[in-house]
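# Observations on the model geometry
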Amino acid sequence: MTEVVREVTLPGPVDAPRRKSMGAGLIGWLQAMPLVLVLVFFLLAPIVMIVIVSFWGATEFSIYPDFQLDNYAFLFGSDVTYRVFFATFKYAAITWALTLAIGFTVAYFLAFHVRSQSMQIALFLLCTIPFWTSNIIRMISWIPFLGRNGIANSTLIEWGLIEQPLEWLLYSDFSVILAFVHLYTLFMVVPIFNTTMRIDPVLLEAARDNGASGFQSLVHVILPLTKPGIMIGTIFVVTLVMGDFITVRFMSGSQRANVGRLISNDISLLQYPSAAATAVILLITVLMVIGILLRFVNIRKEL
Amino acid sequence: MSKMRYSRRTILKGGVATAAATAFPAPMVWAQEIKDVTLRQFGTGVSNLNDVAQKVKEDLGFTLEMTALDSDSVTQRAATQPDSFDIADIEYWICKKVWPTGNLQAMDVSKIKNYDKIVGIFKSGKLTPESEIAQGTAPHTVGFIPEPGAKTFADEQTNWMTLIPTIYNADTLGIRPDLIGRPIDTWAELLNPEFKGKASILDISSIGIMDMAMVCEAMGEIQYGDKGNMTREEIDKTFAIFTEAKQNGQFRAFWKTFDESVNLMASGEVVIQSMWSPAITAVKSRGIPCVYQPLKEGYRSWGGGIGLSSSLSGIELDAAYEYINWYLSGWVGGYLMRQGYYSAVPETSKDFMSENEWGYWFEGKEATDIITSPTGDKLAEAGETRDGGSFEERMGAVACWNAVMDENQYMVRKWNEFIAA
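It should be emphasised that the depicted structure is a prediction, and the values quoted were computed from it without experimental measurement.

## As for the overall build of chain A
- Along chain A, the regular secondary structure elements total 16 helices and 2 strands.
- At 24 Å, chain A has a C-alpha radius of gyration far larger than the 19 Å of a compact globule built from 303 residues.
- With the C-alpha coordinates aligned to their principal axes, the bounding extent of chain A is approximately 80 × 70 × 30 Å.
- Buried positions account for 43% of the 303 residues belonging to chain A.
- In chain A, once contacts between residues fewer than 6 apart in sequence are set aside, the share between residues at least 24 apart is 70%.
- Carbon and sulfur atoms make up 72% of the accessible area of chain A, which totals about 16,900 Å².
- Both charge centroids of chain A, one from 18 positive and one from 17 negative side chains, sit 9 Å from each other.

Dropping the structure here:
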């Protein structure tokens, strides 16, 4: 985000000395202003506010300005925090691996196995149909399906595959991750499909002419060229999963927790400062994860 | 939004300023103006019913906008957004939390017509002169303040009431008799390994902790000084027992909203859980057997009431008093009692119930005919009796009231840990 700002404001400082006029610099700044203001009000200010509140104190029903480290002390002092952060990473990692595998396969199929472009577009739109309903509905509709007496269990029993209903189908890590994968795979498909579409078919022909097998050209040609798409998809999925709370609550029947739930519990109990402190730590964690991811691929160069 | 409201209010005030000052006993004078009044009420799902809003429009002429939220959100809204409501329909323990913010104004008892008929629980704390007062935040302890504007509660009845009591009930565990197949008579059964993976408890800390305390006490594990105001050690011990049970897979899920509790029970995911009376009704009306099991340790009780926003004044305040008097005059009471709740003024509700209904719901008698819910679903056959019996038997066996404790913040953090454990 800040990169964008810098780029837009560049003409000012660079041009000013050359033309020796204040006017151009000012115009540059003015041109950048709308974006700067939008970012300050809707991105920077809320984050600053959260950071400030994280040092405040709270009573039963109100919060008061203060500078205390209690919220952080409690956060780092409780082993629940570490367990919950671990669970959050676990959900993110497993969901990432599954959405990547499915998303890449779908994108690969669409890009290289479907010949006509209209067919490609039609099939791609087909992928988005589930997204015409709300997130929550798509998630909750799993519940009657996976329940103890749900369709999945009764079908399996009918086929004679199991004798007792499988308890772990619902209200477990399994159901949480299933819902995540269902909800977020498209965020992987779209950017990967986008990059695979831009691979020049000549490159694949060249690979084949040079004797590469299908698998070799997949690993050495297609995969490196789709890396930016994979990375964008990864950022989407990882941030979505790490910030989620409602999926975990519904699909685990409140039996499991991730950081988002910790925050939402605090908010519902009017403990805003403690929620803010947790949010700050989560924000830092997510930024670190994205920072690490961006070291692998320079998205700006690749796009 | 609030600007619009303000200008409308100002216009109204201008138009009826003189009338409103003296007009309360003579509603005719401003009957026309009151039609334009809109009161915004919010509260838990139990009493925020659209049928009530419709009836208000019919009987009183003004508009009542209802918003239903869960208990935590209700507390949050009452404490932090005083301008977002005119009438707060909250529980007494929420009142204890919210009153000190000054977002609510006390009500003049002399303007409440049926005040004398309100049951003793809300005034002296005693159902009958001999009753013992249960533990927890008993309604009468937070029901009055010494004078308008006071932020602390009065020890005895005064002319200034914080909440006008509307509904209350005695809660216990709900069970699926068909899936359990044997009698259940103690709270301790919730943690019985027999129901591993088939039990549930509600994920609302201030209520859940009381259910936990009832269970731990029934198991003989903990003797509480006051369940409604636990010490840190008592809180720690309680959570230790429940965390262990959770890690052993005792619970199928926790529920936070009414609908969730109904679905868990109706689908058979859960066979024993903390539950609210109308949730039992909802399960039953799907034709699934479900019992609100009376237990030997007694009930965990709760009471709700209507509070007025401190920003309410003029004709809207008058409309609010009108609404309160109408609320206690019987129609709503009858409506709620036919769902299994109790009205704060039972005798006025009697006129709005059939003899069969009154006998079944209030007196604990055998139904002489089919009992139906207000929406027309069949709840009981002729010959059946209400779980737990009569009003006196049920409300007389209250072991504790929903509460906020002195160590509430500590408890809340522990609760958060329990959920994450």
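## Some words on the packing of aromatic side chains
- What the rule picks out here adds up to 35 aromatic pairs over all chains.
- For the ring pair A:Y108 and A:F112, a centre distance of 5.1 Å and an interplane angle of 55 degrees mean the geometry is tilted. Remark: A:F112 and A:Y108 occur in helix 5 (residues 79-113); sequence separation between them is 4 residues, near one turn of the helix.
- Looking at A:F112, the relative accessible area reads 21%, which means it is partly exposed.
- A connected cluster of aromatic rings, assembled from ring pairs, spans B:Y92, B:F122, B:Y168, B:Y342, B:W358, B:F362 and B:F391.
- Directly above the ring of B:F42 sits B:R77, whose terminal nitrogen or CZ lies 5.4 Å from the centroid.
- Above the ring of B:F418, the side-chain terminus of B:K246 is found at 5.8 Å from the ring centroid.

## Quick look at the interface of chain A and chain B
- Each side of the interface is counted separately: chain A has 33 residues, and chain B has 34 residues.
- Both faces considered, chain A and chain B share a buried interface measuring about 2,900 Å² in area, 47% of it formed by carbon and sulfur atoms.
- Our count for the contact surface shared by chain A and chain B stands at 3 salt bridges.
- With a closest N to O distance of 3.8 Å, B:R252 and A:E167 form a salt bridge.
- In this structure, the connection of chain A to chain B is made through 15 residue pairs in polar contact (both at pLDDT 80 or more).
- Of all elements in the fold, only helix 4 (70-77), helix 5, helix 13 (246-251), helix 14 (259-268) and helix 15 (272-296) of chain A reach the threshold of two or more residues within the side of chain A that touches chain B.
- Counting residues per element, the side of chain A that touches chain B draws most heavily on helix 14 of chain A, at 6 residues.
- In terms of residue class, the side of chain A that touches chain B is made up of 14 nonpolar, 12 polar and 7 charged.

## Observations regarding helix 9 (residues 258-266) of chain B
- Taken residue by residue, helix 9 of chain B has B:E260, B:S261, B:V262, B:L264, B:M265 and B:A266 as its buried positions.
- Summarising the contacts, the buried residues of helix 9 of chain B are in contact with helix 13 of chain A together with strand 8 (164-175), strand 9 (199-202), strand 10 (251-255), strand 11 (272-275) and helix 10 (277-284) of chain B.
- B:G268 occupies a position one or two residues after helix 9 of chain B and carries a positive phi of about 80 degrees.

## As for the pattern of salt bridges
- Across all of its chains, the model carries 23 salt bridges over all chains by this definition.
- Here B:D59 and B:K55 are joined by a salt bridge, their closest N and O atoms 3.9 Å apart. You can see B:D59 and its partner B:K55 sitting in helix 3 (residues 50-59), 4 residues apart, about one turn around the helix.
- A salt bridge links B:R252 to B:E269; its shortest N-O distance comes to 2.8 Å. Here B:R252, found in strand 10, pairs with B:E269, found in the loop between helix 9 and strand 11; they are 17 residues apart in sequence, far enough to count as distant. Judged on exposure class, the residue B:R252 and its partner B:E269 are both buried.
- Among the charged side chains, a salt-bridge network with shared partners connects A:R148, A:E167, B:R252 and B:E269.

## Regarding the domain arrangement of chain B
All names here are of chain B.
- Domains assigned within chain B are domain 1 (2-169 + 301-351) and domain 2 (171-300 + 371-420).
- Measuring from the centre of the C-alpha atoms in domain 1 to the corresponding centre in domain 2 gives 28 Å.
- Contacts between domain 1 and domain 2 engage 27 residues on the former and 34 residues on the latter.
- Across the domain 1 to domain 2 interface the summed buried area is about 2,800 Å²; carbon plus sulfur atoms make up 59%.
- For domain 1, the biggest contributors to the area lost against domain 2 are Q135, S301 and Y342; these three give 27% of the whole.
- One can count 0 salt bridges joining domain 1 with domain 2.
- Applying the counting rule to domain 1 against domain 2 returns 15 residue pairs in polar contact (both at pLDDT 80 or more).
- Listing elements by their share of the side of domain 1 that touches domain 2, those giving two or more residues are helix 4 (71-80), helix 5 (92-98), strand 6 (135-136), strand 8 and strand 13 (299-309).

## Some details on a nonpolar patch on the surface
Residues and elements named next belong to chain A.
- A surface patch of nonpolar side chains, amounting to about 1,200 Å² of accessible area, comprises L26, W29, L30, M33, L37, V38, V40, F41, F42, L44, V48 and I52.
- Tracing the chain through its elements places M33 in helix 3 (residues 22-53).
- Since its relative accessible area comes to 33%, M33 is described here as partly exposed.

Quick notes on the rules
Each chain has its residues counted from 1, following the order in which its sequence is written. The order in which chains are written sets their letters, starting at A; the order in which ligands are written sets their numbers, starting at 1. Predicted model: local features are reported for residues with pLDDT of at least 70 only, side-chain atom pairs are reported and counted for 80 or more only, and whole-chain, interface and lining totals are derived from all residues. Excluding hydrogens and water, the side-chain values take into account all heavy atoms of the structure. For helices the rule is a DSSP run of H or I covering at least 4 residues; for strands it is a run of E covering at least 2, with both sets numbered from the N terminus onward. For a compact globule the rule gives 2.2 Å times the number of residues to the power 0.38, and the radius of gyration it is set against comes from C-alpha atoms. Burial classification: accessible surface area is computed with a 1.4 Å probe over protein chains only, and a residue below 20% of its type maximum counts as buried, one above 50% as exposed, and the rest as partly exposed. Between two residues, a contact is recorded if the distance between any of their heavy atoms is within 4.5 Å. The Shrake-Rupley method, run with a 1.4 Å probe sphere, supplies the accessible areas, and residue values consider only the shown protein chains as cover. Only four residue types enter the tally: Lys and Arg on the positive side, Asp and Glu on the negative side; His and the chain ends are excluded. Throughout, a charge is located at the NZ atom of Lys, the CZ atom of Arg, the CG atom of Asp or the CD atom of Glu. We call Phe, Tyr and Trp rings a pair once their centres come within 6.5 Å, taking the six-membered ring for Trp, and we label the pair stacked below 30 degrees between planes, edge-to-face above 60, and tilted otherwise. Two limits define a charge over a ring: the Lys NZ or Arg CZ must be within 6 Å of the ring centre, and within 35 degrees of the ring normal. Each of two parts loses accessible area, computed with a 1.4 Å probe, when they are put together; buried area is these two losses added. Here, a salt bridge means any Lys or Arg side-chain nitrogen found within 4 Å of an Asp or Glu carboxyl oxygen. Within 3.5 Å is the distance limit for a polar contact, defined as a pair of N or O atoms, with the added protein rule that one can donate a hydrogen and the other accept it, and that residues adjacent in sequence qualify only through two side-chain atoms. Three categories are distinguished: nonpolar for Ala, Val, Leu, Ile, Met, Phe, Trp, Tyr, Cys and Pro, charged for Asp, Glu, Lys and Arg, and polar for the others, with Gly belonging to the last. The split into domains, and so the bounds of each, comes from an automatic or database assignment of domains. Nonpolar side chains (Val, Leu, Ile, Met, Phe, Trp, Tyr) within 5 Å and like charges within 9 Å form the patches, drawn only from residues with over 30% relative accessible area and no salt bridge.

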